[in-house]
Structures are given as structure tokens and as C-alpha cells.
Amino acid sequence: MDLKFSNAEASAEERDAVDRLLGAGDGGWHGGERDEQDHRRAHTGHAARSRRHFVMEALHAVNDRVGWISPGALNYVGKRLSVAPADVYSVATFYALFSTHPRPKRIVHVCTDIACMARGSKAVCADLEKRLGPASADNGWKHSPCLGVCERAPAAMAVEAGDPPHEHLIGPATVDAIALALEDGPAALAAEAPPAMAVPQAGQDGLMLLKRVGRVDPDSIDDYLATDGYAGLRRAFEMQPGQVISEVKDSRLMGRGGAAFPAGIKWESTAKQPATPRYLVCNADESEPGTFKDRAILEGDPFALIESMTIAGYAIGAERGFIYLRGEYPRAHRMLHNAIDTARERGFLGNDIQGSGFSFELEIRRGAGAYICGEETAIFNSIEGYRGEPRSKPPFPFEAGLFGKPTVVNNVETLCNVPLIMRMGGAQYARIGTEGSTGPKLFCVSGNLVRPGVYEVPFGATLGDVLTLAGGVPQGRKLQAVLLGGAAGGFVRADELNIPLTFEGARANNTTLGSGVVLAFDDTVELPAILLRIARFFRDESCGQCVPCRVGTVRQEEALLRIAHNRRDTAAKGRDIGLLRDVGLVMKDSSICGLGQAAWNAVESAIDRLGVLEKSP
Amino acid sequence: MNAPYPVTPVQQVTIKIDGEDVSVPEGSTILTACNAAGKDTPTLCYGDTLTPKNACRVCMVELKGSRVLVPSCSRKVSPGMEVMTDTERVRHSRRLVLELLGSSVDLSTTPRIPEWMQRYDADPDRYGERSGESLTRDIHEPGEHHAGNGYVAATMSQPDKIDNDLYVRDYSKCILCYKCVDACGTQWQNSFAIQIAGRGFDSQISTEYAAELPDSACVFCGNCVEVCPTGALSFKSEYDMRAAGTWDESQQTETTTVCTYCGVGCNLNLHVQDNKIVKVTSPHDHSIGHGNLCIKGRFGFVHVHSRSKEGSDS
Ligand code: SF4
Ligand code: SF4
Ligand code: FES
């Protein structure tokens, strides 16, 4: 391939950042000695091209080191990986955490999403505006979509580019902490709350998915081994891969990421494909507003995911797995890294695991601020080093997924049920929960509640049960509404607490569990403002590929803004609600992926179920 | 000689379109079947020489058993499919896609738009007054935008990009169909000069850091201009004539000839107005170039006009 680059050169620092990831380059193009042959074109051949999947990590390396991606650095990444500069630019400009123009090394991303709105993010932002000026990279702070720290809302993430870079989640965020992070760097902040803080039940008996959180040292494989760790993998190795799949099918485990697809069927159809290699992808790009359960597992029990993925890899015949982790989870990243390295050292990853003859490798790829990358095909594009645009289906991932090969994509929570299934057997596991929804389930309970956090209950608990576990709304307040399933989910009324939080129960009540979000709003919250934030979220997170979503999300936000600015004109409001329905229907019917198809769900349910816009004065 | 290739006869697949049986070769798309059945289906991002990107969603049809509508331009037929092309849902979807595009993009040079707008009763004006030119569309801040008060409908409107003598990029007219990107990339030209930059509504076709074309990897083959469905990309000659008000397709003739620059044998369609070549296209069904040309065949026609100038012997 014959690529053309501009004359912009990377600085020594930028080159070093990339070289540490990719190794030193071998020619003038690659940071080595220049010779006569090195003109303005790169002839990098197939070997480099097949490394395109390092694009995201290479951009991270530069962005995390100097704070932005300069033309020279972009050229260098392109040359090293044999990707055209326009292509690298198209990737770099897709992700919110990357910047293609200069910006300060220290930035604080302040969450303004719905869970934080319910808990005072507006006041924090107002104070920040007074102290630092309006939100902008140049002023050191930016608004952010949900950071996945809803239990400690309002949340913020402080980052500092450098060697090493620093990243720090702040929750609850205060203006003083944010100012300190900007003045003295995130390292000056008090340590992050321990992972168990996200799990109010931590340490209780009877937990299955969360049993180690807060009880073991998440960095210690010995702790893990001492608490049934790797018993599931041992059990799996006693079986043929096909039997492992049978057990998972018997368990009737359904995907926990939102789509609720039977995991066993997914594994089986992938394992049956003749094409090899097959891949396993763990979707840890938890970005649905109000979702933070995967973070609790990753920070509190990271080895559980490694074991689960090893079992899944064994079952489907994959030798390589990728964990796609959202870019806003720095601590989870550190812990996963440690867990993978330790597992490899101790023979639980790599060649011939525990003498079983099965070999399996795991790699982490970090997202960089794009909700859409949680879509099961967008995740492939992002891992492969492309823009995180969903692919059209068919073909489905089990036929042609990552690198065009048969692939299983599972969410973190889904995978972490697998060792349980191995240990107890599929049939026994299926006894937990209800007929249509088996097993334990994690709920991300946040908003105006006394004890927000991740809660584990067996399937079958009602919405009211879960709210009670979290202590209900604070004294003196009244529950106004609950959002189930996140921004892509739907609202239910305060008098609907009997809804069983099962897949079938949600369906029967015309709502959804989605990713397990239970976000409670009390009577102090202005729901029209929440709807606007949801509309803004989808407008910002649409990948832009298809017209219904790219333009529809814009028109949806505009109509809601008009309604908010012009509450008294009922005729105009009626027209705008009609317009919202028209736009909502085309998004639902004709968008390429689930983002666009669900972008109107919450607004629709707020209008039809809560009567929010009709009522608002 | 080796044994002859086993000849697999192409199977015919029969599907129902609006209740009537239609047979098309296996591997065809629903769009092909719709065409065979005489159903006039609007398309924008579909290109006869490109892999369907199914991004515009104007060609959607209802497929029995499918929760959502499906893009006819890319979905392959399978036996027994039942497709509906004119249900309330389909009409709604097409109307809304046309409205959403019409309210955000300048479709004045996109063929057939008025006809479709009328057929589907689309009213792009109901989204409010359109926003004026933005000067910041090439600065990308994915994940954030300035929302305003909702009374102005956001658009693609922006200054035209005139940075060379051969073709102009007027992205106010761009529907982000990806055809130019695909033509410039692996599907045809392999120059990789342009890509989509940014995200969502703020996406733009762009070179790296919006560099001007002469500084980019562009080789000026004009194959992007050839596939652009909206006139966002146009010959500088066409652009100038439109600006002067002299562009008149009814006064143009098209002559197909073979390019004389080299021996490959690409076909050229010369569009001539007032005895002057005003643009050059290439037949998409031609087995050599499939509509693609190089800079010489596409733009190297200026010398023809110097024929009768002073100093020549004609
Ligand atoms: S629905 Fe939205 S996010 Fe999904 S492909 Fe279309 S534009 Fe992208
Ligand atoms: S410039 Fe033309 S071909 Fe390219 S995306 Fe826009 S409309 Fe499509
Ligand atoms: S023509 Fe089919 S989606 Fe655009």
C-alpha cells in the first residue's frame, strides 16, 4: 500500500509513547534512522497492516501522554500501522476522550447525566462555572455523559496527561476536589473509595456474583483461589467443550447486557461454525446511563472475569479473547491488567492452561468515550481500529464477527455467571430465579435513594423489593418515577412497584430491564429536564451513520427544547409531540442499530406512561 | 487442460412483493426484485458500482416477520420472503427520511427529490427555520454540541470548499452517504484521501485535519464526483456555470468516446454545452473502468477548448 503523509513530524515524546506500545520502528518512517529511500510515502506491507487493531491503543498512548493528538503524532501512528492519515483522523475524531486540537494536560470530566442530575450535578456545574468559567477544555473542565459511578453521584473524572498519565474518578464530586485536581493534579486527590463501596451488600452471606467483593484482595490470585476461584474452570476442563455449552444451555442463562439473548445458543451457533479462528469478546464498555454493575465486578473481583472468559473460550474453541473496556474506568483497567498478568504467570492463561492442552490469551482494548461501542458489532470495528460504527446484520457475529470470524460477544455480568453454572451444573442453576429468567441478577440502583449501589437479587424480586433494599427515597420525599433499563429503557410510575424485575415481567408490563438500571427520581426532580438530557445524550452518541438516528436525534432534542421554552402554548406543544412521535417511529423502524431504535423509548414512555409533557405547566 | 469448471446454474429465488410473486437470481437484493416487479423505489446511498452501505434508509421496505423495516438495497432475497413496499409504515419511514434530510441538507441538486417529496407527502419545513452557515464543522468535539433553544433546525450548512481547479466540495449538500469515501478507499481508488470525521450529526467528509485537497492524498481522479448522488461534489466547471446561472442540462449533449491518454481503453462520456465540454463522466456498466477514471481522463479536457484559440491552425 502506498500512503501519503504530510510533512508534520511527531515529537520525541509522541514517538516514545507509540514506540512503547508497538516496539521501536525499523526504518526512517518508523522512528529509526532515515535513509535516502524515506520520502513522503510509506510502504509498510502486510505485516504492519495486520496490526491495525492497535490504532485505538496507539491513539490512547499519545493522547494520554501529551493530552491531544497532533498532526505529527497522527502521521506517526499511521506510518507505524500502515493506515492512511485520513483514516486515523476519522478514528481519532470519533471518540470523546481523544482530542485533535491542543488542550490542557489536566481536564476534569464532570458528569451531567441523569443519575448525577438527580443528585446535584447542576449545582456543582453552576459553581464550577463561577470559579473556572464555562465548561470547555480550555477552562479545564467539560460536561460528560454518565461515568458509571452513579452510586457516588455526582461524579467526575480527573485526567492528567503525562508519563505516567493519571486518571481518577471523583465521587461525590465537589468543586474543591475538582479545583484541586486541576491545580495540583489528580494525584493530589484523596484515594478513590474502595470498590466495595459500590456494593452495599458486600460481605453478606448468600451472594453469588458479588460474593468476593469487599472480602478478598482483588489484586490477589491466591485470595481468588481460596474462595472457589478457578473451580469452575477445573470443572469445565473435566468436560468436553460441547458439554460445557450444554450446561450453559441448561442453565437458560440470558444475556445481561440489554438484549437478553440466550447465552448457550449464542455459544453453540458460534462453536458450530467451520471457520476459524473464533473469537471471544467481552463487552465491558458499560456506558448505558445509570449502569455501573460491571465496574463493581471488574474492580472488586477481576479474576472472576478472567476465569469466565477462559471457560467460554474453551467452550467455543477460541484461543484469543478481547476485553473491550470503557475508557472511563481507569481503576478497572489497572486491576484487569494485573489480573491478566498474574493469571498468565500462574498458568491460568497462555499455553496449555493447567495442563489441559487448551491455550487462551486475553487482551484489553480500551474505548475512548463512545457509548455506541457497546453495540455488539460497533465493538468489533472499534477493536479492529475503525470508527465504532455498527455493522448491518446479517451477517450476525456468530457467522462473521471480529476480523470477520465467528465471534461470541458477552457482557461482563453474563460471563461471570458461567463459573457458577460450571460449579452447580446448569439444571441446578436454572432453579434460581423464575421460569423465564434464571439465576442471580445485578441491579444498578441509583438516583434519589438512601443507599444507592449495585444489588444482587435472585430473579423474581419486584421493583418495590429492590427499592426497599436501597432504603427507599430519603425521608420527607416522594417517589415520582423510576427509569428502568437506562436511557434506552423506559419510565414507570411510582404506583407500579409491583412490576417483577424479570425479563418476562418487564415485557408483560410493557417495559424493559435493559442493562439492569433502576434509577429512582423523587419529587424534587424536574422530569422534563431529565428527558432533555436523555435526548441530548442520544444526539451526542449517535454514530451518525444512518439518517433516522443522525438527524432524528437532533430533531427530537430540538422539539423537546421548544416544548421546554414554550410551555404555555398548548397548540404548539401538541404539534411538537406529534412531531416527536413521527420522528420516534422512523428511528424505531428504520435505524441501523439499537441505539437509534431505542432513542425515543424513554421519551415515549414519559409522555405516554407518566404524562410528563402534557402535565408540565 | 484442466477439467472444465463445474457450472453451477444460478438458482432463481421467488419472493412475494406486495402480494405478487417475483423471481430473481439467488444473491440478488430486494431492490433488484423490486425493480423487476416494477416498484419504483427511492434510493440515495445505493450505488451500482459500490457495496451497499445502507446508510440513508430511504429505500426501506416491510419484511414479514421482521421487527423493523429492512433496507431493500442491501438485504438479499431468500425464498419465501414477503415484502411490502407501500404500507403505512413504509410510507411513514420514507416520508420522514426525506423530511429529515430535506430539513438538514441542501437537496437542490439531488435528482428526483421533488418527485419523492410529493409522492410521500414530505414537509421538511415543519422542523423550523434552518440554521445558517457554520464555520466550525471541521472542528471536532465528539460528544458535545451547542443545543440552542430548538427554534432553529440544525443543518449541514457550511462554506463551499474550493481549494483546487478541478472539483468543488459543497458539503452543505452532503447526505453522508459514504459513497465518495468508498470510491476513494478500498472499493476503487485506494487513495484513502477522505473519510468521515467526527461523530453523529457533526460528522463531515474530511481529509486529515481538514487539510486542503492538494495537500492530501487526493489524486484528483474524480471518482468521488462520479458517485456523489447529491451534487455536493461537482466539477469546478459545473460549479462555476451554476454560480453564473448558465448551467442548463437541457442544452447539453452526451457523447461517449474512448479516452486517448493511454491504452487501457476507459470510456468517457463528454457532457457538452455550447460546444464546450462541461464535465466528464464514465459509464458505470463499462467492463473496464466501472465508472472510474484517472485525473487525465476525468479532467484533462481543457486542451480541447484551446483548439480555435489564437496561435492554433484550425
Ligand atoms: S442507529 Fe444511530 S448509532 Fe446506530 S448506526 Fe444508525 S446512526 Fe449509528
Ligand atoms: S460528498 Fe457526496 S458522495 Fe460523499 S458522502 Fe456526501 S453526498 Fe455522499
Ligand atoms: S439506498 Fe438503501 S439505505 Fe440508502
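Our subject is the structure listed above.
These figures come from a predicted structure and were not determined experimentally.

**Quick notes on the overall build of chain A**
Looking only at helices and strands, one finds 27 helices and 15 strands in chain A. The C-alpha radius of gyration of chain A comes to 24 Å, within 12% of the 25 Å expected for a compact globule of 617 residues. Here the C-alpha coordinates of chain A stretch approximately 75 × 60 × 50 Å along the principal axes. Within chain A, residue pairs in contact and separated by at least 24 positions form 72% of the contacts whose partners lie at least 6 positions apart.

**Thoughts on the overall build of chain B**
The helix and strand inventory of chain B stands at eight helices and 14 strands. Residue burial in chain B is summarised as follows: out of 314 residues, 53% are buried. As displayed, chain B has an accessible area near 14800 Å², and 50% of this comes from carbon and sulfur atoms.

**Points about the environment of A:V418**
All names here are of chain A. One can find V418 in helix α18 (residues 418-424). In this structure, the C-alpha to C-alpha distance between V418 and L579, residues 161 residues apart in sequence, is 45 Å. Once residues lying within four places of it in the same chain are set aside, the contact partners of V418 are L253, W267 and I311.

**A word on the site of ligand 2**
With respect to spatial proximity, 13 residues lie near ligand 2, and among them B:C174, B:C177, B:C180, B:C228 and B:T230 are the closest. Looking at the shell around ligand 2 residue by residue, the class counts come to twelve nonpolar, one polar and no charged.

**Side note on the sheet that holds strand β7 (residues 278-284) of chain A**
Pairing between the strands of a sheet comes from backbone hydrogen bonds, and it takes one of two forms, parallel or antiparallel. All names here are of chain A. If you trace the four strands from one edge of the open sheet to the other, you get β9-β8-β7-β10, paired in parallel fashion. The open sheet is flanked by β9 (361-366) and β10 (407-411), the only strands paired with a single partner. Strand-to-strand twist across the sheet, computed as the mean angle between neighbouring axes with direction ignored, equals 20°. Where β7 meets β10, five bridges bridge the pair, whose relative direction is parallel. Each residue of the ladder has a partner; that of L280, found in β10, is V408. Contacts between helix α14 (residues 302-316) and the sheet are confined to β7, β8 (318-325), β9 and β10, with β7 contributing the most and set at about 150° to the helix.

**Focus: the site of ligand 1**
Near ligand 1 there are 13 residues, and of these A:C543, A:Q545, A:C546, A:C549 and A:C593 occur at the shortest range. Here the shell around ligand 1 is built from residues that sort into eight nonpolar, five polar and no charged.

**Some details on the interface of chain A and chain B**
Across the contact, 60 residues belong to chain A and 62 residues belong to chain B. In total, about 5200 Å² of surface goes out of reach between chain A and chain B, with carbon and sulfur atoms giving 52% of it. Contact with chain B buries area across many residues of chain A, yet A:Y89, A:R555 and A:D589 alone supply 12% of it, more than any other trio. For the pair chain A and chain B, the number of links is eight salt bridges. We note a salt bridge from B:E141 to A:K142, for which the minimum N-O separation is 3.6 Å. At the boundary of chain A with chain B, the tally comes to 37 residue pairs in polar contact (both at pLDDT 80 or more).

**Quick notes on the nonpolar core**
Judged by nonpolar contacts, the single largest core of 223 residues is most densely connected at A:Y95, A:W267, A:L305, A:F491 and A:F521. It is α14(A) that provides the largest number of residues to this core, a total of ten residues. Those residues in contact with A:Y95 that lie beyond four places of it in its chain are A:M56, A:Y324, A:A368, A:G369, A:A370, A:C373, A:S382, A:Y386, A:R387, A:G388, B:P142 and B:R199. By size, the runner-up hydrophobic cluster in this structure holds 23 residues, among which are A:M254, A:Y455, A:V482 and A:L513.

**Description of the packing of helix α1 (residues 12-22) of chain A against helix α3 (residues 55-66) of chain A**
Residues and elements named next belong to chain A. Across the interface, α1 lies against α3 with an axial gap of 9 Å and an inter-helix angle of 140°. Here α1 lies oblique to α3, going by the angle between them. Judged by the twist between their axes, the crossing of α1 over α3 is right-handed. Here E13, E14, D16, A17, V18, R20 and L21 of α1 lie close against α3, whose contacting residues are E57, A58, A61, V62, R65 and V66. When grouped by side-chain class, the residues that make up the contact of α1 with α3 number seven nonpolar, no polar and six charged.

**Regarding the pairing of strand β3 (residues 106-111) of chain A**
Residues and elements named next belong to chain A. Of all the six residues making up β3, five are buried; the element is thus mostly covered by neighbouring parts of the structure. In the sheet, β3 pairs with strand β5 (residues 156-160) via five bridges, with the strands oriented antiparallel. Looking across to β5, one finds that V110 is bridged to A156. Two elements, β3 and strand β4 (residues 141-144), share four bridges in a ladder whose sense is parallel. Bridging from a neighbouring strand, C111 pairs with S144 of β4.

**Remarks on the packing of aromatic side chains**
Enumeration according to the criterion identifies 22 aromatic pairs over all chains in this entry. Arranged with centres 5.4 Å apart and planes meeting at 75°, the rings of A:Y314 and A:F358 form a pair that is edge-to-face. With A:Y314 in helix α14 and A:F358 in the loop between α15 (330-345) and β9, the pair connects residues that are 44 residues apart, well separated along the chain. The exposure classification of A:Y314 matches that of A:F358, with both residues buried. Relative to B:F299, the ring of B:Y167 lies with its centre 6.3 Å away and its plane at 10°, an arrangement referred to as stacked.

Conventions used here
- Residues numbered from 1 in each chain as written.
- Chains lettered and ligands numbered in written order.
- Predicted model: local features only at pLDDT ≥ 70, side-chain atom pairs only at ≥ 80, totals over all residues.
- Heavy atoms only, no water.
- Helix = DSSP H or I, 4+ residues; strand = E, 2+ residues; numbered from the N terminus.
- Rg over C-alpha atoms; globule rule 2.2 N^0.38 Å.
- Contact = heavy atoms within 4.5 Å.
- Buried < 20%, exposed > 50% of the residue type's maximum accessible area, 1.4 Å probe, protein only.
- Areas by Shrake-Rupley, 256 points an atom, 1.4 Å probe, with all protein chains shown as cover.
- Near = heavy atom within 4 Å.
- Nonpolar A, V, L, I, M, F, W, Y, C, P; charged D, E, K, R; others polar.
- Pairing = 2+ DSSP bridges.
- Axes fitted to C-alpha atoms, helices over the stretch in contact; angles between N-to-C directions.
- Buried area = accessible area lost by both parts, 1.4 Å probe.
- Salt bridge = Lys/Arg side-chain N within 4 Å of Asp/Glu carboxyl O.
- Polar contact = N/O pair within 3.5 Å; in protein donor to acceptor, adjacent residues only side chain to side chain.
- Core = buried A, V, L, I, M, F, W, Y, C linked by side-chain atoms within 4.5 Å.
- Parallel < 35°, antiparallel > 145°, perpendicular 65-115°, else oblique.
- Left-handed = near helix turned anticlockwise from the far one by under 90°.
- Phe/Tyr/Trp six-rings, centres within 6.5 Å; stacked < 30°, edge-to-face > 60°.

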